[in-house]
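A structural walkthrough
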Amino acid sequence: MRQIEGVPGAILGLWSVGAVLLHLYFAGYGYPEPLELAALHLALFVPPVFFIFPASPASPKDRPTVLDGLLAVGAFVPNVYIYFNQAEIYERTSFIDPLTPIQYVLGTAMVLAIVEATRRSISYTLAGLVLLVIGYMAVCHLLPGAWYSRPLSFAHITEINFLSVGSGLYGSLTVMSATIVASFLIFGSLMQASGMSRLFGNFGALTGGRFTGGPAKVAVISSALFGTMSGSSVANVVVTGSMSIPLMKRLGFRPVFAAGIEAASSVGGPLMPPVMGAAAFIMSEMIAVPYSAIIIAAAMGAVLYYVNILTAVHYESKKLGIGAIPRRDLPSLRDLGRDAHLVLPLALLVTLMMMRFSPYLAAFWATIATVAVAALRRHTRMGPRVVFVALRDGGYLISMIAVAVTSAGIITAALTNTGLLLAFTGMIKAAAGGSLLLLALLIAGTCLFLGVGIPTTPSYIITAAIGAPLIAEHGVPLIAIHLFIFYFAVLADASPPVAPVADAAATIAGSPPMKTGFYACRFALGGFVTGLAYIYEPGLILSGSLFDIGATAAALATGLVLISAGLVGYAWGPLPAWLRLGFITAGCFCALWYVVPVWQRGAVGVALVGAMILISRSVAARESNPPLQPALASHPEGEVR
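Residues numbered from 1 in each chain as written. Predicted model: local features only at pLDDT ≥ 70, side-chain atom pairs only at ≥ 80, totals over all residues. Heavy atoms only, no water.

1. Some points on the overall build of the protein chain
The cut-off we apply is this: Each helix corresponds to a stretch of at least 4 residues labelled H or I by DSSP, and each strand to a stretch of at least 2 residues labelled E; elements are numbered beginning at the N terminus. The globule rule is 2.2 Å times the number of residues to the power 0.38, and the radius of gyration it is compared with is taken over C-alpha atoms. Here's how the labels work: a residue is buried when its accessible area is under 20% of the maximum for its type, exposed when over 50%, partly exposed in between, all with a 1.4 Å probe on protein chains only. What makes two residues a contact is simply this: any of their non-hydrogen atoms within 4.5 Å.
Looking only at helices and strands, the protein chain has 29 helices and 0 strands in total. Here the C-alpha atoms of the protein chain give a radius of gyration of 27 Å, agreeing with the 26 Å that 2.2 N^0.38 yields for 641 residues. Taking the principal axes of the C-alpha coordinates as reference, the protein chain spans close to 115 × 60 × 50 Å. Counting all 641 residues of the protein chain, 55% fall into the buried class. Considering only contacts within the protein chain whose residues lie at least 6 apart along the sequence, 77% involve residues at least 24 apart.

2. Some details on the state of the cysteines
Here is the rule we go by: In plain terms, two cysteine sulfur atoms within 2.5 Å form what is called a disulfide here.
Enumeration according to the criterion identifies 0 disulfides in this entry. For Cys 590, which is in no disulfide, the shortest distance to another cysteine sulfur is to Cys 588 and amounts to 9.4 Å.

3. A few points about the pattern of salt bridges
The line we're drawing: By salt bridge we mean one thing: a side-chain nitrogen of Lys or Arg within 4 Å of a carboxyl oxygen of Asp or Glu.
Per the stated rule, a full pass over the model turns up 10 salt bridges. Residues Glu 116 and Arg 119 are paired through a salt bridge, measuring 2.7 Å at the closest nitrogen-oxygen approach. Of this pair, Glu 116 and Arg 119 both sit in helix H6 (residues 101-121), 3 residues apart, which is roughly one turn of the helix. Judged by its relative accessible area of 17%, Glu 116 is buried. In this structure, Asp 393 engages Arg 392 in a salt bridge whose closest nitrogen and oxygen atoms are separated by 3.1 Å. A residue is classified by how much of its surface remains accessible, and Arg 392, at 25% relative accessible area, is partly exposed. Residues joined in a network through salt bridges with shared partners are Arg 2, Asp 68, Glu 116, Arg 119 and Arg 120.

4. Describing the environment of Ala 75
If you trace the backbone, Ala 75 turns up in helix H4 (residues 66-84). With 34 residues separating them along the chain, Ala 75 and Ala 109 place their C-alpha atoms 7.2 Å apart. Sequence-distant contacts of Ala 75, defined by excluding residues within four places in its chain, comprise Val 46, Pro 47, Phe 50, Met 110 and Ala 113.

5. Thoughts on the layout of surface pockets
The test is simple: Residues are called lining when one of their atoms sits within 4 Å of a cavity or pocket point, these points coming from a 1 Å grid over the protein atoms alone, where a cavity is a set in which a 1.4 Å probe fits but cannot get out and a pocket is an open set with protein on both sides within 12 Å along at least five of seven lines. Grid points are joined across faces, edges and corners, and a volume is the space filled by probe spheres set on the points. As a working rule, the residues Ala, Val, Leu, Ile, Met, Phe, Trp, Tyr, Cys and Pro are called nonpolar, Asp, Glu, Lys and Arg charged, and the rest polar, with Gly in that last group.
Of the volumes computed, that of the second largest pocket is approximately 410 Å³. Lining the second largest pocket are 16 residues, with His 314, Tyr 315, Lys 318, Ile 613 and Ser 616 positioned closest to its centre. Where the lining of the second largest pocket is concerned, the elements lending two or more residues are helix H15 (291-320) and helix H29 (598-624). Across the lining of the second largest pocket, the residue classes break down as 9 nonpolar, 4 polar and 3 charged.

6. What to know about the packing of helix H27 (residues 546-568) against helix H28 (residues 577-592)
Convention followed: Between N-to-C directions, angles span 0 to 180 degrees; the directions come from axes that are lines fitted to C-alpha atoms, helices contributing only their stretch in contact. Oblique is the label for every angle not falling under 35 degrees (roughly parallel), over 145 degrees (roughly antiparallel), or within 65 to 115 degrees (roughly perpendicular). Crossing handedness is read from the near helix: turned anticlockwise from the far helix by less than a right angle, it gives a left-handed crossing, and turned clockwise, a right-handed one.
Interhelical geometry of H27 versus H28 gives an angle of 160° and a closest axis separation of 7 Å. Taken together, H27 and H28 sit at an angle that is classed as roughly antiparallel. Crossing hand, H27 versus H28: left-handed. Residues Ala 555, Leu 556, Thr 558, Gly 559, Leu 562, Ile 563, Ala 565, Gly 566, Leu 567 and Val 568 of H27 form the contact with H28, whose participating residues are Arg 580, Phe 583, Ile 584, Ala 586, Gly 587, Cys 588, Cys 590 and Ala 591. For the contact of H27 with H28, a count of residues per class yields 13 nonpolar, 4 polar and 1 charged.

7. Examining the side chain of Thr 367
Here Thr 367 shows up in helix H18 (residues 359-374). Once residues within four sequence positions are removed from consideration, Thr 367 is found in contact with Leu 24, Ser 183, Ile 186, Phe 187 and Leu 190.

8. Considering unusual backbone geometry
One non-glycine residue, Ala 288, lies in the positive phi region at around 55°. Position of Ala 288 relative to the elements: it lies in the loop between helix H14 (278-286) and H15. Even without a glycine there, the phi angle at Leu 542 is positive, about 60°. Tracing the chain through its elements places Leu 542 in the loop between helix H26 (525-536) and H27. Overall, Leu 542 belongs to the partly exposed group, its relative accessible area being 37%.

9. Considering the environment of Ala 551
Relative to the helices and strands, Ala 551 is located in helix H27. A relative accessible area of 9% means that Ala 551 is categorised as buried. Excluding residues within four positions of it along the chain, Ala 551 makes contact with Val 598, Trp 599 and Gly 602.

10. Side note on the packing of helix H2 (residues 34-45) against H4
Contact pair H2 / H4: the axes reach a minimum separation of 8 Å and the direction vectors enclose 160°. The pairing of H2 with H4 is recorded here as roughly antiparallel in orientation. Both H2 and H4 take part in a crossing whose hand is left-handed. For the pair H2 and H4, the contacting residues are Leu 35, Glu 36, Ala 39, Leu 40, Leu 42 and Ala 43 in the first and Phe 76, Asn 79, Ile 82 and Tyr 83 in the second. Partitioning the contact of H2 with H4 into residue classes produces 8 nonpolar, 1 polar and 1 charged.

11. Considerations on the nonpolar core
Nonpolar side chains in soluble globular proteins tend to end up buried together. In plain terms, the rule: To form a nonpolar core, buried Ala, Val, Leu, Ile, Met, Phe, Trp, Tyr and Cys residues must be joined to one another through side-chain atoms within 4.5 Å.
Ranked by internal contacts, the top residues of the largest apolar core, which has 195 residues, are Tyr 170, Leu 349, Tyr 460, Phe 484 and Phe 486. No other element matches helix H19 (residues 384-418), which puts 15 residues into this core. Once residues lying within four places of it in the same chain are set aside, the contact partners of Tyr 170 are Leu 35, Ala 38, Ala 39, Leu 42, Pro 78, Asn 79, Ile 82, Met 110 and Phe 162. Of all hydrophobic cores here, the second largest spans 14 residues; its members include Val 561, Leu 575, Leu 579 and Met 612.

12. Considerations on the packing of aromatic side chains
Centre-to-centre distance and the angle between the planes together describe a pair of aromatic rings. Note the cut-off: Whether two aromatic rings pair depends on their centres lying within 6.5 Å, for rings of Phe, Tyr and Trp, where Trp uses its six-membered ring; planes under 30 degrees apart make the pair stacked, over 60 edge-to-face, and the rest tilted.
All told, the structure shown has 24 aromatic pairs when counted by the stated rule. Here Phe 257 and Phe 523 contribute two aromatic rings whose centre-to-centre distance is 5.1 Å and whose plane-to-plane angle is 90°, an arrangement assigned as edge-to-face. Highlighted residues: Phe 257 in helix H13 (residues 255-267) and Phe 523 in helix H25 (residues 513-523), separated in sequence by 266 residues. Classification of Phe 257 by relative accessible area gives buried; the value is 1%. What makes Phe 523 buried here is its relative accessible area of 0%. For the ring pair Phe 281 and Tyr 291, a centre distance of 4.9 Å and an interplane angle of 45° mean the geometry is tilted. Pair noted here: Phe 281 is in helix H14 and Tyr 291 is in helix H15, with a separation of 10 residues, a long-range link. Neither Phe 281 nor Tyr 291 differs from the other in exposure class; each is buried.

In structure tokens:
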């Protein structure tokens, strides 16, 4: 990102803050109609991308170029046209009324602007995918078999992307970005500026730092807590990893190990309620389920994910002989209490959503409460400059999300209008051959494959469009299907060969990025297991009786503990190869052997983990109280005392 100073930087900052404040006002007092809102959203947030992100490494890093200005105008004018001509657009008959020359020009300019903004701020892969689907629309009538579709003229392609109400550039995805996503990103930016990350870091140090593998457990706990408000894996690494990774290295963890732990912990941030990232908000709108219901359904899975990481960290730390953080380096309860009031806005957010307030209205009042609550203590009080910077940076983040979501809107519009969506679903269905497990694995693999070059949100949107209807045919609840896809879209951020979260952690730790990605995958194993379990275990979404929910938690938790111990190769001591294999097999039985009733798997898991704990305690007791050695051989009788 550029660091623009002086008058241009001030103008850009004021533009971003103004756009944020307007969206915050809408969240509290009502939104305009969807097409008007979508056009206004893109007009305000897409142009800044060309000033924030340079066109190439050779571009100036401290000032925008003339080309950047022209592209910004090219992204602004088409949206102004839509905003002031929405009545005409609503009244026209799609694919019958001819396009005017100005509509051809503006539609083409806007699509190209989105592609270039995506290339600069998101990834070459997503930008290339947008161009690929547009190219497919132009030649689909020339292709054979399942790839064939009716001919689409340039006018039809322009209309699908630019003038179709409810799809393309101004579809429901862009509206979601302007409403729920924007309001929560504003809230998260102010929460972070208030010092909430310091509170989470201190809490993590107090709860996890006093035990075996203290620094690693601090990283896990603080990343989980920070994820409740950020919803961003990379932001999680930057904020918590900059503190936890150096500490882990100083106390004996290898750099690649420290980076892998932090990457796996941070990638779980979007899985952690109540703020779960942009894709979770879009999920709420896509399946018409209240966001509060998604929070409830995701809660157990998020906890299990971090239980798995904590278990792996614990056994690895015992294996390496790494203990707690020295007491002198731990914060005090007083340090924690100084920031405790910052929890109130988060509590207000959860309360309002549980009371079925709209998510954006809940985020609006939580944002207002953040500024007010922070003002209660001098050290957390945010002055005008701090608030300005937080809102500006929040606006920059919204710009990136808006570009990513709009690109996904173009892709889904192309898939739908050409019938390619049905072709993909038919291919996957035929390959699965009626097997739910194989179908789930194929869709999970699709999500991970897309995640190689596409961020979580568009990866989730595209995979859900393709795979969710297929799994729904097997009677799986819709919310469970989408959480399953969401999990794998999130975990793709830490999966090699392209893993942005692992890359960020590796940069801080000075470790090889690829190797860090494999370590992160190993520690994130609980996410893969839990994600798949959403398809088979209704208790995971807290559906069913308390007994079923408890049995599901026991089966998955104990299975993950056993698998972690087997992979690390340590429990009460170093484990021989046969016992490691036994632990992994038993863990897979408890967590993944769905043909056996969950209560039976849970009972087996509790018994095995209980036995493992008893043996560990027995061995630890013997090591701390070694038996007395006979001394008669070296001392005359009567001299032994």
